[in-house]
Amino acid sequence: VLPGRTPQRAMADATQPVAVPSVQRYPVSFHYFGEATSLPVKIQKASFHVCPAPTIGQNLIRLELTVLNDCHPGDIAGKLKLPLPPGATVCRFEFLRNEKWYPATPVEAKKAKEVVYKEKEKGRSVAATSQTQGNVFEIEVSPLKYQVPSQCRLWYSHSDTEVPFDFGADTTVEVKHEGPEGALCSPPSGPGACLGECFGQMHFACYVPFSPVAASGAPKSVAVLWDTSGSQAGDHLALRFERLRQLAAKCPDTRFEVWSFGIGMKKESSGPGTAEEAISLLGALRYDGGTDLTLVPKILESLGSATEAVMLFTDGMDNLDRRPMLPASCPPVHCVVDQASVNLSFLSSVCLSTGGHVLKADYLPMLRPQTTLSGIQTDQSGEDFVMGEDGFVCCPDHRLHLQWPIGEEGVWICGVRGGVRKLSVQLRAGKDLKEYGFDLGTAPEVAAGAAPLLGYLFARQQYAAVERDGAVMGMDLTKVRADLAVKYGFCSPESSLLMLYDPEQFVENGIDCPKEHPAHAKWKAETAGASPEIKKGEIGEPKTEEQMKVVSKLAEALKSYVQTPIPPQAARSDRMASEAPERPQEEDRQTRNQQAQQQMWMQDLQHHQQQRQQQQQQHHQHQQQQQQQQHRRR
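Please read these numbers as outputs of a predicted model, since none were measured by experiment.

Rules of the game
Residues numbered from 1 in each chain as written. Predicted model: local features only at pLDDT ≥ 70, side-chain atom pairs only at ≥ 80, totals over all residues. Heavy atoms only, no water. Buried < 20%, exposed > 50% of the residue type's maximum accessible area, 1.4 Å probe, protein only. Helix = DSSP H or I, 4+ residues; strand = E, 2+ residues; numbered from the N terminus. Arc of directions from axis to C-beta. pLDDT = per-residue confidence, 0-100. Contact = heavy atoms within 4.5 Å. Pairing = 2+ DSSP bridges. Axes fitted to C-alpha atoms, helices over the stretch in contact; angles between N-to-C directions.

**Some details on helix H8 (residues 478–488)**
When H8 is considered as a whole, its buried residues turn out to be Arg 481, Ala 482, Leu 484, Ala 485 and Tyr 488. Considered in projection along H8, the buried side chains sweep an arc of 165° and stay on one side of the axis. When the buried face of H8 is taken as reference, the exposed residues oriented beyond 90 degrees from it are Lys 479 and Lys 487.

Now the structure itself:
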């Protein structure tokens, strides 16, 4: 509990129905952080430029911000905190400096932190865009000159039909649409496909609508896993209780078992009970502290075999950004997503790996079997199907036997077209098998501004597939996800967008300068035929002779301190020493014994080291003799 804060109790009335909010709003903030204060940086204007892909119901949105440093004299670095809709991510970031747009470079998150630290130590301008937790992105913008408007812009992709952001009252907000309809696209009711040239290849995307399955038998026992961290308190709790009642009305015989977790876990109910009993227990919980998601697998392992389904109520944001693996055998886990800040990537992988649903509205979908993508067929030849030499790449992978769960938003099939012109998709909805055909030879091309959207969709689908496979196989595929994010240049927990301005910054840190960067020509000239210069004495580089002298001096002092015993009672004052009678020579004898023991230990250590060196030499000689004998035999 932080100073001045007290644990919060759920303020929602568990007995009254509530209205469902139509659109979730996301507050955008810009701050300058001083040594002891945090001051807001004024956002003068927010301009949204929408590039839609109508046939697949997706939008590439560019957000351009004009900010003014009116809070601190001099150049400062401000931090933009931007929560995006669940599932969206920052694809690109640029900053206007000296009338030129400087693009950020995608690098692994660890390297980005190291470079930012080194560049700040050198007093040079640097910034980074990072995904802090869930769908919250933090962008450091520098430099912001005093009373001089500065501009930055970022791109993100999503299928929302709204621009759900809240700015300050003094911010001018405008929305421009590139499409003829003059509005954001939402997923269409039927299938659709489109093409676009981006990242040096012709990409495609096909949209397949959701096909619901009739409800089957209701589960007899459901485990409710309820996050009680401080971020879970709020008005959304009443909405959760109302939706639990709606679920119970459809399955009156279902019993609920309640578990709570935060930094610890607890079984709240003595046994399965009715929905009203579960709501009564949940309404009495207190909310405080953080979230330890590693407790979720422990709770799942504690559940009895009678549990047929699990409902997980959490935002998926762990205090230490942990992503735990779930037990190999566990019932379907249905994740509730009803907050502005949520780690949809983690929650989706949990559902995909266990056969559960992502519940964004009511909880009734958990009563229906999953609609799955069961197969993708193309007009590839047998040789190209095996060797892949025609350049066609698809996600989900068309070469695999698929059982890919599909949510109510539908599914996007994305990839690089290559030599394929015909593509068909099979969906299994219960006992029904539906097939959708697409002609990639006649599919329309999106506008140039929306073309990168297809590459970002392809990357996002691959990223989700890697997350799902890692969760199913129990493997850590962080490196694969990082390589994917860096290749396509989007922000993720494993990658950041690093803002460098001068060619020296790219050269010294061993980072390739983007072609569209104003410093690209100078960087290319400096690196032509030369390897990056390694400067001794800098952070992470070899030390200079002067630095080595300091290190050697410290090492000798430490060695002397360790080898020199501390005389007993050395800290006694002169007064006590003068008043105390002369002690016998016991102390001197103890000191000599300690020194003798230390000498014996040092001799034993040296003897062992010599023996080990002799054994290594003998082993090396033996290997050389064997190699010589083998050579003679040959």
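Text resumes after the structure shown.
**Observations concerning the confidence of the model for the protein**
Fine structural detail should not be taken from predicted coordinates in areas where pLDDT scores are low. Averaged over all residues, the pLDDT of the protein equals 81, while 80% of them reach at least 70. For the protein, the element scoring lowest by mean pLDDT is strand E1 (residues 8–9), at 38; strand E22 (residues 309–313) scores highest, at 95. Predicted confidence is poor over residues 1–22, with pLDDT under 50, and the contacts of this stretch with residues over four places away or in other chains come to 30 contacts. Confidence drops under a pLDDT of 50 for residues 570–584, and excluding neighbours within four residues, the segment shows 2 contacts in the predicted structure.

**Structural notes on the sheet that holds strand E30 (residues 432–439)**
A sheet is described by the order of its strands in space; here 4 strands give the open sequence E27-E25-E29-E30, paired in antiparallel fashion. Either end of the sheet is taken by a strand with one partner, and the two such strands are strand E27 (404–406) and E30. Each strand axis lies, on average, 35° off the axis of its neighbour in the sheet, ignoring direction. Sheet topology note: the strand E25 (residues 371–378)/strand E29 (residues 422–429) ladder contains 7 bridges and is antiparallel. Each bridged residue has a counterpart across the sheet, and for Thr 372 the counterpart in E29 is Arg 428.

**Considering the pairing of strand E6 (residues 58–68)**
Within a regular beta strand, the side chains point alternately toward one face of the sheet and then the other, so they alternate between its two faces. The element E6 is largely enclosed, with a buried count of 10 among its 11 residues. Pairing of strand E5 (residues 42–53) with E6 involves 11 bridges; the strand directions are antiparallel. Its bridge partner lying in E6, Ser 47 is registered against Glu 64. The hairpin formed by E5 and E6 contains 4 residues between the paired strands, and Gly 57 there has a positive phi angle of roughly 65°. Bridge count for E6 against strand E13 (residues 150–158) is 9 bridges, and the pairing is antiparallel. Residue pairing for E13: Leu 63 is matched across the bridge by Leu 154.

**Examining helix H5 (residues 344–354)**
Spacing of three or four residues puts side chains on the same side of an α-helix, whose turn is 3.6 residues. In terms of burial, H5 is largely enclosed, as 8 of its 11 residues are buried. What H5 keeps buried is the set Leu 344, Phe 346, Leu 347, Ser 349, Val 350, Cys 351, Leu 352 and Thr 354.

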